[in-house]
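Okay, here's what each chain looks like letter by letter:
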Amino acid sequence: MIDIKLLRENPARFALGAKAKNIPIDIERILKLDTERRQLQGEGDKLRAEQGKFAKESGPQIGKLKGQLKGLKGAEAEAVQKQLDELSAKPLALKSAEAEISKRLAVIDPELNQLLLQVPLPPDSDVPVGASAEDNIEISRWNPDGFDPSKSFESQRGFKPKTHLEIVRDLKLADFERGVKLAGSRSYILTGDGMALHLAVLRYAVDFMVYKQGFSPTSVPVLVKEEAMVGTGFFPAGREQAYLIDETHRAGDPEGYDLYLTGTGEVGLMGVHMGEILDESVLPLRYVTVSTCFRREAGAAGKDTAGLYRIHQFDKVEQVVICKADEAESRAWHKKMMGYVQELLRSLSIPHRLLQCCTGDLGPKNADMVDIESWMPGRGEVGKDGVPSGAYGETHSASRLYDYQCRRLNMRYRAGGAVGKGDTVFCHSLNNTVLASPRFLIPLLENHQNADGSVTIPEPLRPYMGGKSKIG
RNA sequence: GGAGAGGUGGCCGAGCGGUUGAAGGCGCCUGACUCGAAAUCAGGUUUACCCGUGAGGGUAACGGGGGUUCGAAUCCCUCCCUCUCCGCCA
């Protein structure tokens, strides 16, 4: 959610921001509704004030007369009734006028809120303008000693690389046929060392964040209320990406709570403190979770259909930072959070690069986003010799959101003081992948495959694999 | 699933139709006293929105929503949640 006050002051900034993000939004309409709303609120407030005053002044008298009326008959009763009618005329008139205004507000408010929820956070001025992921800009690359993705795999390693599909098949690490039988397309079953490796990388990533970087390990619900989805900014724009547990329908109860399966642990982590006023001293909050993520992948039909790349269910270690409302601090955390991932990838000898996302690739909630892509030798165009060229594939995404999420989640802290002192301010939030698997198994298996078809397990993962150094 | 109890401010806890944004206590803040601290005393201490350059003014909120009433934290309806006991499951 953006700040309506800022929008009032500088509507052009938000109009331009939305345009840069390719998100259609009617700013004029919002301004008009906002003006109307404020005017109606003013009128309503005035009427209520008057009525409240009346209730205090003449109300008790009405009560007294009503009491008298009970014991009276005939002409006397009529006289009292007349007095009562006169006294009641004013509040009744105020009441109906107020009701009229409330009715109009009841129409305007939902529309205004609905629109406000759709206004994207304008990209930061230093984010390059672009239409889509095509226009993202490479910031940096890292390669392990002895391997450079810009040269062919075979020339450096002495054999033709297999794709992860082939590796997984040959080493029996996954069973796609049965996965699909069980759960439909984009489903899979990890088997044997495939499952073991999956658990190993997740656990390694969690431990890395907890014991090396000092993040608090936290479990979160993956089945959440709509509020949490709206609050974190995944709704309304991404509604079609989420699986719905339709409890309303199932229970035949129109008031029941529907629940949604989260597509990232970010929802749960950010939701932990929704509605709270945090003590300034607890900031920055640094949370890490590992959670199962569910994505419908609507609109991705036909894309990456084979293998472990684009799937409906996976597990992800996610890091979230909730800090004070300070741009410099927020930017510093962004860098740090990317730094953790770079360190992690280096420790596993995975070639990777950082991509500055352009405005068109940011999504509604981000002011800035950097993707981290890992080198996958089995991806990319297949050459004449039947060997793929290799390509970078997105494995991480680091977002900086200012107070966009916290405003929606109503997550604040009291700046500069204890309870009863200092202003309440919306926190800033950031998030970044630490590691998502099984997608991450793709670069892991493909980069560490050997000529004999085996796969070397990078040193840091071995303790999580029963000390084994090799698969196959 | 069956039976009961309950949801009030940062916390505890009163109020059960009117002057209560809400007694009292705890906590916290400011000041006085003190060399300093403790104790004591005095004052202060919710949030959101609207109007106003400002001082300030107004409205709303006692789990959510709706209703009755001139007036609701207090009455009615409904939903949600928490707790206790029983059953069921892990």
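This one's a predicted model, so the numbers in the text were calculated from it and none came from an experiment.

### Observations concerning the packing of helix H9 (residues 193-212) against helix H13 (residues 327-347)
Put simply, H9 and H13 touch, their axes get as near as 11 Å, and they point 130° apart. In terms of orientation, H9 lies oblique with respect to H13. Relative to H13, the crossing made by H9 is right-handed. Across the interface between the two elements, Tyr204, Ala205, Phe208, Met209 and Lys212 of H9 pack against Tyr340, Glu343, Leu344 and Ser347 of H13. Looking at side-chain class alone, the contact of H9 with H13 contains six nonpolar, one polar and two charged residues.

### A few points about the pairing of strand S10 (residues 313-323)
Burial of S10 is extensive: ten of the eleven residues sit out of reach of the surface. Strand direction decides the pairing type here: strand S9 (residues 285-294) and S10, joined by ten bridges, are antiparallel. Along S10, the bridge assignment pairs threonine 289 with glutamate 318. Bridging between S10 and strand S16 (residues 428-437) involves nine bridges; their strand directions are antiparallel.

### Section: the packing of helix H3 (residues 27-57) against helix H5 (residues 74-118)
As a packed pair, H3 and H5 sit with axes 8 Å apart at the nearest point and diverge in direction by 155°. On the basis of the axis angle, H3 is roughly antiparallel to H5. Note that H3 runs across H5; the crossing there is left-handed. Of the residues that constitute the contact of H3 with H5, the class distribution is 15 nonpolar, four polar and 13 charged.

### Observations regarding the sheet that holds strand S7 (residues 259-261)
Strand order in the open sheet formed by three strands is S5-S7-S6, and the pairing between neighbours is antiparallel. At either end of the open sheet lies a strand with only one pairing partner, and these are strand S5 (223-225) and strand S6 (243-245). Here the strands of the sheet are splayed against their neighbours by 40° on average, with no regard to which way each runs. In this structure, S5 lies alongside S7, joined through three bridges in antiparallel fashion. Paired with lysine 225 across the bridge in S7 is leucine 259.

### A word on the packing of aromatic side chains
In total, this model carries seven aromatic pairs according to the counting rule given. Where phenylalanine 235 meets tyrosine 260, the ring centres are 4.9 Å apart and the plane angle is 85°; that geometry is what we call edge-to-face. Placement of phenylalanine 235 in the loop between helix H10 (226-231) and S6 and of tyrosine 260 in strand S7 is noted, with a sequence separation of 25 residues between them. Feature note: the residues Phe147, Phe153 and Phe159 constitute an aromatic cluster, connected by ring pairs. Above the face of the tryptophan 333 ring, lysine 336 is positioned so that its terminal group lies 4.3 Å from the ring centre.

### Overview of the sheet that holds strand S4 (residues 216-217)
Reading across from one edge, S1-S11-S12-S13-S16-S10-S9-S4 is the order of the eight strands in this open sheet, with mixed pairing throughout. At either end of the open sheet lies a strand with only one pairing partner, and these are strand S1 (137-142) and S4. Bridge count for S1 against strand S11 (residues 352-356) is five bridges, and the pairing is antiparallel. Paired with arginine 141 across the strands is arginine 353, a residue of S11. This element, H9, spans S4, S9, S10 and S16 of the sheet and lies at about 145° to S16.

Reading guide: rules and limits
- Residues numbered from 1 in each chain as written.
- Chains lettered and ligands numbered in written order.
- Predicted model: local features only at pLDDT ≥ 70, side-chain atom pairs only at ≥ 80, totals over all residues.
- Heavy atoms only, no water.
- Axes fitted to C-alpha atoms, helices over the stretch in contact; angles between N-to-C directions.
- Helix = DSSP H or I, 4+ residues; strand = E, 2+ residues; numbered from the N terminus.
- Parallel < 35°, antiparallel > 145°, perpendicular 65-115°, else oblique.
- Left-handed = near helix turned anticlockwise from the far one by under 90°.
- Contact = heavy atoms within 4.5 Å.
- Nonpolar A, V, L, I, M, F, W, Y, C, P; charged D, E, K, R; others polar.
- Buried < 20%, exposed > 50% of the residue type's maximum accessible area, 1.4 Å probe, protein only.
- Pairing = 2+ DSSP bridges.
- Phe/Tyr/Trp six-rings, centres within 6.5 Å; stacked < 30°, edge-to-face > 60°.
- Lys NZ or Arg CZ within 6 Å of the ring centre and 35° of its normal.

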